[in-house]
Amino acid sequence: MFLYKYRNAIRKYQNEGTREILSLDTPISSFDELESTTFLDTIPDVSKDVSTVDQLREFIEKDPQGIFASSCIHNKPEVNFRAILLRRFEGQTWQQISQDLHI
């Protein structure tokens, strides 16, 4: 189901006509032609920074404005973005999450 919604979102985005979907490998124009920086190069590597990951998890757990918990799938409030992210933080696979939440 997620793949279906993802594909529909991409189609809708592409049909707008004026926008272009860029890859993370797309070079960013720079003054130095010898140096090719990509969008991926601009994303900081947080995998080594445990404190950032811990801060993110804590923020998602608290969800102070209820944004993550209010984004649900299939009109099932228990299947929300917050619940899915917290399960991923616990190391569950997408398949395990899907089976546990019956989606």
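Residues numbered from 1 in each chain as written. Predicted model: local features only at pLDDT ≥ 70, side-chain atom pairs only at ≥ 80, totals over all residues. Heavy atoms only, no water.

Q: Explain the overall build of the chain to me, and be specific about the residues and the numbers.
A: Across its full length, the chain carries five helices and four strands. Start at the N end of the chain and walk to the C end: the helices and strands fall as α-β-β-α-α-β-β-α-α. Across the chain, every contact between residues at least 6 apart in sequence was considered, and the portion connecting residues at least 24 apart equals 23%. (Helix = DSSP H or I, 4+ residues; strand = E, 2+ residues; numbered from the N terminus. Contact = heavy atoms within 4.5 Å.)

Q: Now, about the pattern of salt bridges: what can you tell me, with residues and values included?
A: In this structure the tally under the stated criterion is three salt bridges. Glu 58 serves as the salt-bridge partner of Lys 62, at 2.9 Å between the closest nitrogen and oxygen. With Lys 62 and Glu 58 both in helix α2 (residues 50-62) and four residues apart, the pair spans about one turn of that helix. The exposure class of Glu 58 is partly exposed, given its relative accessible area of 39%. Between Arg 87 and Asp 100 there is a salt bridge, with the nearest N and O atoms lying 3.3 Å from each other. Of this pair, Arg 87 sits in helix α4 (residues 81-89) while Asp 100 sits in helix α5 (residues 94-101), placing them 13 residues apart in sequence. (Salt bridge = Lys/Arg side-chain N within 4 Å of Asp/Glu carboxyl O. Buried < 20%, exposed > 50% of the residue type's maximum accessible area, 1.4 Å probe, protein only.)

Q: Before we move on, could you go through the side chain of Gln 92 and cite the residues and values that matter?
A: Tracing the backbone shows Gln 92 in the loop between α4 and α5. Beyond its immediate chain neighbours, meaning those up to four positions away, Gln 92 contacts Arg 87, Ile 97 and Asp 100.

Q: Pulling in residues and values, what's your account of the packing of aromatic side chains?
A: Following the criterion strictly, the structure yields two aromatic pairs and no others. Three or more aromatic residues joined by ring pairs make a cluster, and in this case those are Phe 59, Phe 68 and Phe 81. (Phe/Tyr/Trp six-rings, centres within 6.5 Å; stacked < 30°, edge-to-face > 60°.)

Q: I'd like a description of unusual backbone geometry, backed by residues and values.
A: Despite not being glycine, Asp 63 has its phi angle at roughly 40 degrees, a positive value. Summarising the element assignment, Asp 63 is placed in the loop between α2 and α3 (67-70). For Asp 63, a relative accessible area of 8% puts it in the buried group. Positive phi, close to 60 degrees, is recorded for His 102, a residue that is not glycine. Within the fold, His 102 resides in the segment after α5.

No statement about biological role is implied by the geometric values presented.
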